[in-house]
Amino acid sequence: MPQRYADIVLPLAQPAYTFAVPDGMTVAAGQAVAVQFGPRKFYTGIVWQVHDRRPDFKRIKPIHKILYDRPLLSEEQRALWDWIASYYLCSIGEVMRCALPNLIKPSGDTEEELLQDEYRPRTECYVSLAPELHDAARLDEVFKQLTRRAPKQYEALLEIAAGGDTGPEAHNVDENVAATAKNSIATGEIARRLLRADTTVLHTLARKGFIRETEHLRTTERGGARFRLPELTPHQTEALEQLRTQYAAGKQTALLHGITGSGKTEIYIHLIAETLAREGDVLLLVPEIALTAQLIARMERIFGSRVTAYHSKLTPQRRTETYLQLNRSEGGEFVVGARSAIFLPLRRLQLVIVDEEHDPSYKQAEPAPRYNGRDCAVMMTRIFGCRTLLGSATPSLETWLNAHTEKYANAELTERYGTARLPRIIISDTLRAARRGERKGRFNKILLDKIEAALARGEQAMLFQNRRGFSPYVTCTECGWTARCPHCNVTLTYHRNGDRLVCHYCGHTEGVPAKCPSCKVTEVVPMGFGTEQIEQEIAALFPEARVARLDRDNATSQRVFQNIIADFESRRTDILVGTQMITKGFDFDGVSVVGILNADNLLNNPDFRAAERAFQLMMQVAGRAGRRDDGGEVVIQTAEPGHPVIRQVAENDYEGMVRMQLADREAFFYPPYARLTSLTLRHRDPVLLRRAAAELADRLRTRFGRRVLGPMAPPVDRIRDEYLVGLLLKVENGASAQRAREILTDELRRFTENPDFKNITLITDVDPL
Ligand code: ADP
Ligand code: ZN
Ligand code: ZN
């Protein structure tokens, strides 16, 4: 036997390294192994390729041992990693660092330290109706007996007999519900976690012999026939049929463009059920899992314990467990996850759904790989042979264009479900209101009137402002001095809570000066406003109302966050003030007024996507209002009521927005008509940095010509005492993206290998947002 070698990927910003396969060891691609790398350290690596080509370095270390009883990565997963590394211009080791949960890939100074955490499968408590009660007459007797004396037990038993799906109305003890439950008695097991009923109540029922409780491995119910699917409306059925037909005709990716509340999720549910019934795996991606507890609960009501949540807020232990558990699965898995869920081992992946596909949080900003989960999901159709569905009320221009040039299949939902109407959108001119004396604090009178009326009807209001803190800056009215961060080139935000100035880039804080430090004449005053100020003003204007705020400053943990949401949901608070955090994924039935306090700072962003983003954000915020029959009302405060995007929002004119923006993008060669790669250079010495950027720009111009823009200063050109300079590469559609990547890789390698520039940090961002 010739000596065998294996190229192994390590969790370092490096390409794969070659190790020797010891005699008697058989390794296969995708397997995890322990190897020694560097003078002492042990790492977990992934076998990428086994071959018999001896590398030309002298000391080739052997593989230490094989970890886990089966490969951690399938061939398709490896292909995905390879694609990400090459497309996003990073090393395969960086992909590994991000793709695998930490505990799965231990490292250490000795072999013992590396020893893997033993994976123990999780067990869970299941309950089922006692066999004697499978008889309708007997069950009826028990219900009668409980309904008067023990309503809690009655409700719990009802829930179990109905298979855990009695809806909120079960809280009212209702004979009709009981009758329905009795008509089809659910006899199977149901995970206790999925029941509303209290554990102590269930114990009592078990003691009385009405139910059985068992503890066993977490199982998934098999057989799709048991899912209770919502019945679709004719419009929804038509959209679903269109998707099915176009998929069957060979389209791999589809757009489901449906306004908020039109039932996109109901269509997802049908496609998910079909796939699970075939024992296929499903991945449902959501922009931020922290905000989607409601969606998970909704999916669990239908798909029970098949639903697996996966995101960065889970403990490392839990993420590792989930990975290994899925790795053993035979198919029929349903994962609801944030973007990193694309890395899970779903061997029979057949359907990937990307909900709110336009959302910027699908893009990983830091660290590399700076991938976009939505775009990976589209690529996965080629690698896994799966289908991808992109859903949105306001699709990204990229996706819209692909759907309308027939690269993607396309289906639309243009009506809200049931009697719910679209919210009425009122544009309110802040300058005019101020002139007429119809403005109190940061509020135009019309918004205050709407809030007052809503509160009087016992309804709720939401107020959106995309800045946190009290004021984005403080200034001296005498000499114009403004407080700035000593480490970053930005103004300091005033936080009344704690009475401090805070840098939102580096976290630097300082006290508010008593007198202007520059002219020493007057006090400094806060300018502009953030959520803190809105909260304070609205509380003063409506002293009876219970006001809460939700932003990154006060939602310090998952718990606090959930509590604020739960309080608003159950109407323990009346007015919720917040940033982007309040815009996503919540359905609050009680909300009839939504205020957007300052649309202008959404629009006046220097980014080429500002108009598109502002439109999407405003539509999303507006969507929080119209969940009710009368549609609710949205008040948008702006100094530019004639701005085209404001008009498009008011007229619900998505198409108009798209056509206007696409024309601009085409004229100026921006996505979707060109591909962008941004390069950011960072260093403490601005002189060296400028020289490096100029040299890199020159080199790139020799290869790419006028496709190179810069060097230029980004909007914030100093962060944490480091200066930043940017370059932008624009490659028009039609030019070979592959070739451009090769040239760029080559030039960037040359740059990083230049000893003059070796301490300069270079950040490469492909398709930046
Ligand atoms: P979207 O995902 O497009 O915002 P949803 O699927 O969340 O819309 O639907 C909005 C609301 O309407 C939800 O409360 C949902 O339960 C209800 N709904 C939509 N379609 C149906 C249907 N066919 N049957 C019953 N309820 C529906
Ligand atoms: Zn001054
Ligand atoms: Zn700072």
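Relevant structure appears above.
Residues numbered from 1 in each chain as written. Chains lettered and ligands numbered in written order. Predicted model: local features only at pLDDT ≥ 70, side-chain atom pairs only at ≥ 80, totals over all residues. Heavy atoms only, no water.

> Describe in detail helix α11 (residues 316-327), supporting the description with residues and values.
An ideal rise of 1.5 Å per residue puts 16 Å on 12 residues; α11 measures up with 17 Å between its terminal C-alpha atoms. Of the positions making up α11, those classed as buried are T320, E321, T322, Y323, L324, L326 and N327. Close packing links the buried residues of α11 with α1 (75-87), β11 (307-310) and β12 (334-337). (Helix = DSSP H or I, 4+ residues; strand = E, 2+ residues; numbered from the N terminus. Expected span 1.5 Å × (residues − 1). Buried < 20%, exposed > 50% of the residue type's maximum accessible area, 1.4 Å probe, protein only. Contact = heavy atoms within 4.5 Å.)

> How would you sum up the coordination of the zinc ion (ligand 3)? Please name residues and give values.
The protein atoms donating to the zinc ion (ligand 3) are C485 (SG), C488 (SG), C503 (SG) and C506 (SG), with metal-donor distances spanning 2.2 to 2.4 Å. Coordination at the zinc ion (ligand 3) comes from 4 donor atoms whose angles at the metal span 105 to 114°, giving a geometry best classed as tetrahedral. Site description for the zinc ion (ligand 3): donor spacing in sequence, C-x2-C-x14-C-x2-C. In this pair, C488 sits in the loop between β20 (473-476) and β21 (493-495) while C506 sits in the loop between β22 (500-502) and β23 (509-511), placing the two residues 18 residues apart along the sequence. (Donors = N, O, S within 2.8 Å, 3.2 Å for Na, K, Ca; no water. Tetrahedral: all angles 85-135°; square planar, octahedral: opposite > 155°, others 65-115°.)

> With reference to specific residues and values, describe the environment of R4.
Tracing the backbone shows R4 in strand β1 (residues 4-9). According to the relative accessible area criterion, R4 is partly exposed, its value standing at 31%. The spacing of R4 and V27 is 23 residues in sequence and 9.7 Å in space, taken between C-alpha atoms. If near-sequence neighbours (up to four positions away) are discounted, R4 is found in contact with F19, A20, V21, V50, H51 and D52.

> So what about the pattern of salt bridges? Which residues, and what values?
Tallying each qualifying case throughout the model produces 33 salt bridges. In this structure, E459 engages R457 in a salt bridge whose closest nitrogen and oxygen atoms are separated by 2.8 Å. We classify E459 as buried; its relative accessible area is 12%. Members of the salt-bridge network, linked through shared partners, are R699, R703, D746, E747, R749 and R750. (Salt bridge = Lys/Arg side-chain N within 4 Å of Asp/Glu carboxyl O.)

> Requested: an account of the coordination of the zinc ion (ligand 2), with residues and values cited.
Within the first shell, the zinc ion (ligand 2) binds the protein through C476 (SG), C479 (SG), C516 (SG) and C519 (SG), at distances of 2.3 Å. Around the zinc ion (ligand 2), the 4 donor atoms sit at angles spanning 107 to 113°, and that spread fits a shape best called tetrahedral. We note that the donor set of the zinc ion (ligand 2) lies within a single chain, spaced as C-x2-C-x36-C-x2-C. Pair noted here: C476 is in strand β20 and C516 is in the loop between β23 and β24 (524-527), with a separation of 40 residues, a long-range link. C516 sits in the buried class, given a relative accessible area of 1%.

> Can you tell me about the environment of T680, naming the residues and giving the values?
One can find T680 in strand β29 (residues 674-683). The exposure class of T680 is buried, given its relative accessible area of 19%. Along the sequence, T680 and P715 sit 35 residues apart, while their C-alpha atoms lie 12 Å from each other. Sequence-distant contacts of T680, that is, excluding residues within four places in its chain, are made with L724, V725, G726, T761, L762 and I763.

> Please provide a residue-by-residue account of the environment of F586, values included.
Relative to the helices and strands, F586 resides in the loop between β26 (575-578) and β27 (591-596). With relative accessibility at 4%, the residue F586 sits in the buried group. Sequence spacing of F586 and I565 is 21 residues, and the spatial spacing of their C-alpha atoms is 8.8 Å.

> Residue-level account of the pairing of strand β19 (residues 460-464), with values.
Taken across its 5 residues, β19 has 5 buried, putting it largely inside the fold. Neither face of β19 is open: one carries Q460, M462 and F464, the other A461 and L463, and all of them are buried. Direction of pairing for β19 relative to β27: parallel, over a ladder of 5 bridges. Each residue of the ladder has a partner; that of Q460, found in β27, is V591. (Pairing = 2+ DSSP bridges.)

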